[in-house]
Amino acid sequence: MSHILLRHRDIPDLHKMAVYKKNGGFVAFKNAVTKMKPNEVTDVVKNSGLRGRGGAGFPTGMKWSFIDNKGWPHYVVANADESEPGTFKDREIMENNPLQFLEGLAISSYAVGAAVAYIYLRGESWQVAALLDEKIAEMEEAGYLGENLFGNDYSLKIHTHLGAGAYICGEETALLESLEGRRGQPRVRPPFPPSVGLYGKPTIINNVETFTNVPMIMANGADWYKRMGTADSTGVKIFSLSGRVRKPGNYELPFGTTFRQLIYEHGGGILDGRPVKAIMPAGASSSLIVVDDKVLDTPMDYASVRTLGSELGSASVIVIDDTVSVAWIINKTVHFFKHESCGKCTPCREGTYWMQNITKRIRSGEGTEDDVDLLLNVAKQMQGKCLCALGEFSTMAVVTGIERFPQDFKKAVKV
Amino acid sequence: MSKLVTLTIDGKQAVVPEGMTVVDAAKSVGIDIPVFCHHPKLEPVGMCRMCLVEIGRPMLDRATGQVVMDNGLPKIQFMPKLEAACTNRVSEGMVVMTISDKAKEGQRGTIEFLLTSHPLDCPVCDKGGECPLQNLTMAFGPGRSRFIYDEKNHLEKQVPLGELIWLDRERCIQCARCIRFQDEVAGEAVLGFDERGRNTQIVSLSTPGFDSVFSGNTTDICPVGALTTADFRFGARPWELKAQASICTQCPVGCNTTINTRREARSAGEIVVKRVMPRQNEEVNEIWLCDKGRFAYHFTESKKRLTRPLVRKDEKLARASWSTAVNLAAENFVKFKKDFVVLASGRLANEDLFNLKSLADTAGGRAILYSDMGGGDITSLVGVGQGTNIGTMGRGDAILVVASDLYQEAPIWWLRVKQAADRGATLIVANPRETKLDKFAKYVIRYAYGDEVKTINDFGRKTKISDEFAKAKNAIVFYGNEGLGFHGSSGLASACGILLKETGHIGKPNNGLVGVWQRVNDQGAWEVGFHPEPDLEKALKGKVVYIVGSDPVGDDPALAKALRGAKFVAVQDILETATTEIADVVFPAQAYTEREGTFTSGERRVQRFYAVVPAKGDSKPDFSITAQIAKGMGVILEGSSVSVVFDILVNSLDAFADLSYEKLAMVHGQFPIVGRGDLYYGGTTYQNTQGLGIQLVPSAQTGAAVHISKVRKEAALRPKENELLAVPVNKLYDRGVTVNPTQLLDQRVGEAAITLHPLTAGELGLEAGARAKIKFDGVSAEVTVKIDDSISTGVTLVPRSMGLTIREPVVAKVK
Amino acid sequence: MSLVKKHPKEVKQILSKYPPEHKRSAVMPLLYLAQRGEGFVNKAAMQEIAQILEITETEVASIVGFYTLYHDEKAGKYRMQVCTDLPCALRGADEFLQNLCGNLGIKVGETTADGLVTLEAVTCLAGCDKAPVFQTQGPDGIKYHENMTVDKTLELIEALKEVKE
Ligand SMILES: Cc1cc2nc3c(=O)[nH]c(=O)nc-3n(C[C@H](O)[C@H](O)[C@H](O)COP(=O)(O)O)c2cc1C
Ligand code: SF4
Ligand code: FES
């Protein structure tokens, strides 16, 4: 099957304006602006069942329909922060199929009445930002961005903005703070960005991959899109496969593809032919799944992964084989979250610090079983109390790791 | 009034305004939800997670939108997670549980988390005894820590953020109250967080460090011992301190304070002032205090305090008994009755000034107010109406500030005016140079020095700005004496009064005129009948002068000369000054901390202050000394009871009608609720139990006809070609007698400097930082040059009370 | 030299991206601009940025402190930042870093004697499928180096030695 998002894998030089146009580029945008009302665009996206690809899986069209029409101007922000360990899909899209992403961003902006859109990229991606700037300039030149597009009274500008090394800025309200020139610390929600967002104005924030779906949905229709994937999770998803597999990388597959298909058919199986021990389907924020045959045959969609006691999230599938101790895994994840905790709220700031102290003790062989109990207890004490999801994320691997892989903590612990 | 909603908190019903936070609503029915980051004066941020509670809301039927009923009662749907009571706003029918097992478990958890990083060095911590963290740990903590102590982060413990405020990085719990106060309330974001996560630390990079005159307030609202003042650090334990109500005497705002005292060995067993704290008065200073008010109390304990009467003998001042001194003064005052002059300042209490005025009136002398600013008669007419509270001004209201740099002259007014602008009030700043208030103003009017009256007269003509001012629901004008002497400021006051009258902004609360005086009780002095004398030199020369609470000799060589030519000089003060040096007789007066009395603020609020420490030596309160002297002159004045003096004053002055000490001491409930048991909520600010004071009713509010004569179109004093005009400006930290003794403020005071426009400086061949010689009116001094391109050319700004005498604009030479 | 004097066009272009009343948004791009030459943001630059944006120097410093890609002190000419986060570590990133340390004779966080390279361990760089991966932060900005080996890295370091300003 040919790709919908990673189309550059099928079409060489798709990042070039001429090639992109030849392959149907900007028809959907022009069509939307010249022939459709903004809310009609939103309706198509709603009908397609598209859900946000940034992690939470929130229905995209529904989010757009929440935009507060009492406050103006409106903004659209593309979340290109991509900093979850194990996630590397947005970068591939932006580097190789930038115009489709930008067209999606433009259509979305039209749908919610935004005249300015920002793309917030992680600071390391400055070369990607430079490429996008180039593409934005080309679009302006070609009349796809700027004043009175297609002779209509709709105008749009797109700007890139670089973050500077902070995972938390992927969280939408921290991202907005950062974009406003402040420390990237999350805001209290509600209010949510569609009512109070960038500069206090109604704002729609979506993930790069989410936007990249939009031109294809507009071009081919909601029904076409819904035919792919499952009822609950329509369409295709880019799975970022990493860890102990032979062929790590991005794989664009319909929702409902099984873990086994992803790991063995696409990922070439496990290094050294070892068995899969655990899967983290949503990067470092995942609850660990204990793998058996039933799990490997579970379809990857939002609802099915939930039945395994985990979340699909951004579909950053980290594969762990039997050579790896889960105590080591959580030492890594806790280190990451401790480093990335913004420090705004107490449970996360202090909890990740404390968890790191205990995991270190356990890893060093100094720990006792009491330490493992304490670690579990501290993680649980954080749950449900943090200001944003980062704090919650930091506990997922810890809690599920200890509860689902107790034997790995017996070995790590000196009693 | 906003809509009221009804909710249930721990089974108690609360009826509170819509939009209130759950924490504040609970507080209003006596339920204390523990908080750290929440402060009722700051925007909620929900970051400390201390206030976790269970919140339920009436369940709505999805289809009909109606409340689902269950046995005749609304069905309540509780959130699965605990919620922050500080960020959730009340809604109709809400049910809150703050002490359920689940809520308590959450609160315990937060305390435990906080303590993992805290050094627990309470025995050596200044906050020990009044520490929210300590108190909440006792009340809500887990009782036992599971965190291994040697894993703690160790951070710097003694970091001066500036010379006034110290930081202990280990004690900080990252609640950001200090940062948010500086940013939201003070509008000076000079504190910030560095780094992130567990390494988050407070920093200040301003020059000088922590560059804000509101810095002390952060130590009040800091819920731990992380921020302390250089003044009080390691000074005493809070539980050893006594607390008495007082009024700050540093400016006309009249902030309510509480003075903490202690008897201590290191002060030779005396009772001394340990610190000055804000005392809540939502209509005056809320719960804030500026640093000058907080720190500049040391003059009351200066080594230069006068403790015994002195009489001149063989060219020298020598100790004398009270009766000798009193008799000497009385004798001379009677002997030269025709030439009797009383010169007193607004540093004195209403009762002192009243007795002095009575004496002058009865003895046939003149009462002169030692001040360069006019307009107190206009503020009596059209001053702000009774019930005025800047804290309630906002959208639809207007505030005009003219010829005053409020930040330097009355910091708490600056803060409150700025906040009114934040709430949407139209702020208009008319000043001949850029000031810190400009940033918050909707309109800035820049005029040349000398054009003050013209500016306000022109303002009356139709412009967009004047239109907005005229149409405002309420409007207040603050006028000052930047660049002005007595005539100029009098003219300006009249012009402002006329503007207010013509736009209908008089005789009502939140409407009227406020004088930005230089002293705490200048307004009170005007009320009892003291007026400044434009030609003071002439008024003093060859006279018999009774000088009270003023230092004309130290201030002005011309006045010194005039007084040397006086027949007899009696001086009454709390400190030795240049004036006491030339006196024939000196009376030691008591400081405001040693006696009772009342002051009248710029908003014409009469407020009581109380004795907090014993009097020094043989000193007596001013009103009493005056009464004794009067007795020697055959005039009977009340000299023993200050409240009786006040009663007599009330009987003879219409504006004070019906006031009494009892009424001034009354309090009513205020929001936010603060107090000693509530440290974690409002900070260590004191609850007001000793009086909120009462605002005088301006004539305009009594319905009396208000007549203000048009200001004669006097030729404004503007520099001529090739002429340099020196104009006076005011500075918060000056070299005045009440600031100087506080060494802590030395660095902020700095040296005397004059300010020039770059073009003017260029013509004179001067640049920023250069040393220059300035000469005017018999004054000659070496000063540093500052440059400001927001001022007009041809002028040089000379700060008052910085060692250069300047009473009004005057032609000067600068080299 | 001041930013505005050195990069007048860039400063203007950066400011043009944001509504004038929200020019504070420009703080991050301006900090990158300030960091360009020396590899860190000096105090003068922070002061200037504060002035341009009408915020306080403390606010600017507070942003520098929050984000890991801004530095307020000098390090080696190149910061070599190896990702040792979970996915990379599952593919040998820790061993790679250890070997590199051994070869360069420095510990993580230290700078080579010639001041060329400071070696650091960082969190995920979104190159998880191409581990070992590191980025170099140097005068020419940030560059990714993916699917690396110790030998390839040492070659790279040799090449960096040759780079002239
Ligand atoms: C700690 C944290 C990090 C996140 N990082 C990212 C990210 O890097 N990229 C992203 O698109 N969404 C990220 N999200 C999710 C966003 O908050 C937000 O839900 C998303 O951008 C919405 O877009 P979508 O609806 O298209 O998924 C993160 C969320 C959290 C709590
Ligand atoms: S959970 Fe709290 S400390 Fe952690 S990132 Fe979110 S707001 Fe910051
Ligand atoms: S989170 Fe509510 S008081 Fe801090």
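Computed from a predicted model, the values in this text were never measured in an experiment.

The rules behind the values
Residues numbered from 1 in each chain as written. Chains lettered and ligands numbered in written order. Predicted model: local features only at pLDDT ≥ 70, side-chain atom pairs only at ≥ 80, totals over all residues. Heavy atoms only, no water. Near = heavy atom within 4 Å. Polar contact = N/O pair within 3.5 Å; in protein donor to acceptor, adjacent residues only side chain to side chain. Areas by Shrake-Rupley, 256 points an atom, 1.4 Å probe, with all protein chains shown as cover. Helix = DSSP H or I, 4+ residues; strand = E, 2+ residues; numbered from the N terminus. Nonpolar A, V, L, I, M, F, W, Y, C, P; charged D, E, K, R; others polar. Domains from an automatic or database assignment. Phe/Tyr/Trp six-rings, centres within 6.5 Å; stacked < 30°, edge-to-face > 60°. Buried < 20%, exposed > 50% of the residue type's maximum accessible area, 1.4 Å probe, protein only. Lys NZ or Arg CZ within 6 Å of the ring centre and 35° of its normal. Contact = heavy atoms within 4.5 Å. Buried area = accessible area lost by both parts, 1.4 Å probe. Salt bridge = Lys/Arg side-chain N within 4 Å of Asp/Glu carboxyl O.

Chemist: Can you walk me through the site of ligand 1 in this structure?
Modeler: All names here are of chain A. The full set close to ligand 1 counts 20 residues, and G54, N79, N206, N207 and T210 are the nearest of them. The separation between an oxygen atom of ligand 1 and a polar main-chain atom of G54 is 2.6 Å. For ligand 1, whose free accessible area comes to 610 Å², the fraction covered by protein is 92%. Elements with a minimum of two residues in the shell around ligand 1: β4 (203-207) and α17 (389-404). Here the shell around ligand 1 is composed, by residue class, of five nonpolar, nine polar and six charged. Per-domain counts for the shell around ligand 1 show at least three residues from each of domain 1 (7-226) and domain 3 (326-412).

Chemist: How should the packing of aromatic side chains be read in this particular structure?
Modeler: Ring pairs (aromatic) are described by centroid distance and by the angle formed between their planes. Across all of its chains, the model carries 40 aromatic pairs over all chains by this definition. Look at A:F58 and A:F66: their rings are 6.3 Å apart centre to centre, the planes differ by 50°, and that puts the pair in the tilted class. Classification of A:F58 as partly exposed rests on a relative accessible area of 35%. The exposure class of A:F66 is partly exposed, given its relative accessible area of 43%. Considering the side-chain rings of A:Y110 and A:Y154, the 5.1 Å spacing of their centres and the 85° angle between planes classify their relative orientation as edge-to-face. With A:Y110 in helix α6 (residues 98-112) and A:Y154 in the loop between α7 (126-141) and β3 (157-162), this pair connects stretches of sequence that are 44 residues apart. An aromatic cluster of at least three residues, connected via ring pairs, comprises A:Y20, A:F26, A:F29, A:Y144 and A:F150. Taking the ring centre of B:W166 as reference, the NZ or CZ of B:R233 above it sits at 4.1 Å. Note that B:R275 overlies the ring of B:F232, its terminal NZ or CZ placed 4.5 Å from the centroid.

Chemist: Whenever I open this one, the side chain of A:T87 confuses me. Can you help?
Modeler: Residue and element names in this part refer to chain A. Structurally, the position occupied by T87 is in the loop between β1 (74-80) and α5 (89-96). Residue T87 is classed as buried on the basis of its relative accessible area of 4%. There is a polar contact of 2.6 Å between the side chain of T87 and the side chain of S316.

Chemist: What am I meant to see in the interface of chain B and chain C here?
Modeler: One widely used convention gives an interface's size as the accessible area the parts lose upon coming together. Taken residue by residue, the interface counts twelve residues in chain B and eleven residues in chain C. Regarding the contact of chain B and chain C, the summed buried area is about 910 Å², with carbon and sulfur atoms giving 52% of it. Contact with chain C buries area across many residues of chain B, yet B:A189, B:R196 and B:L205 alone supply 57% of it, more than any other trio. Viewed at the interface, chain C and chain B are joined by zero salt bridges. The tally of links between chain B and chain C comes to six residue pairs in polar contact (both at pLDDT 80 or more). A per-element tally of the side of chain B that touches chain C places strand β11 (residues 192-194) of chain B first, with three residues.

Chemist: In this structure, what is going on with the domain arrangement of chain A? I would like to understand it.
Modeler: Residue and element names in this part refer to chain A. Along its sequence, chain A is carved into domain 1 (7-226), domain 2 (236-321) and domain 3 (326-412). The centre of domain 2, based on its C-alpha atoms, is set 23 Å off from the matching centre of domain 3. Each partner contributes to the interface: domain 2 provides 13 residues, whereas domain 3 provides twelve residues. A salt bridge links K277 to D408, with the shortest nitrogen-to-oxygen separation between them at 2.6 Å. Where domain 2 packs against domain 3, one counts five residue pairs in polar contact (both at pLDDT 80 or more). For the side of domain 2 that touches domain 3, the elements supplying multiple residues, two or more each, are β7 (276-284) and β8 (289-290). No other element matches β7, which puts four residues into the side of domain 2 that touches domain 3. Taken together, the residues that form the side of domain 2 that touches domain 3 break down as eight nonpolar, four polar and one charged.

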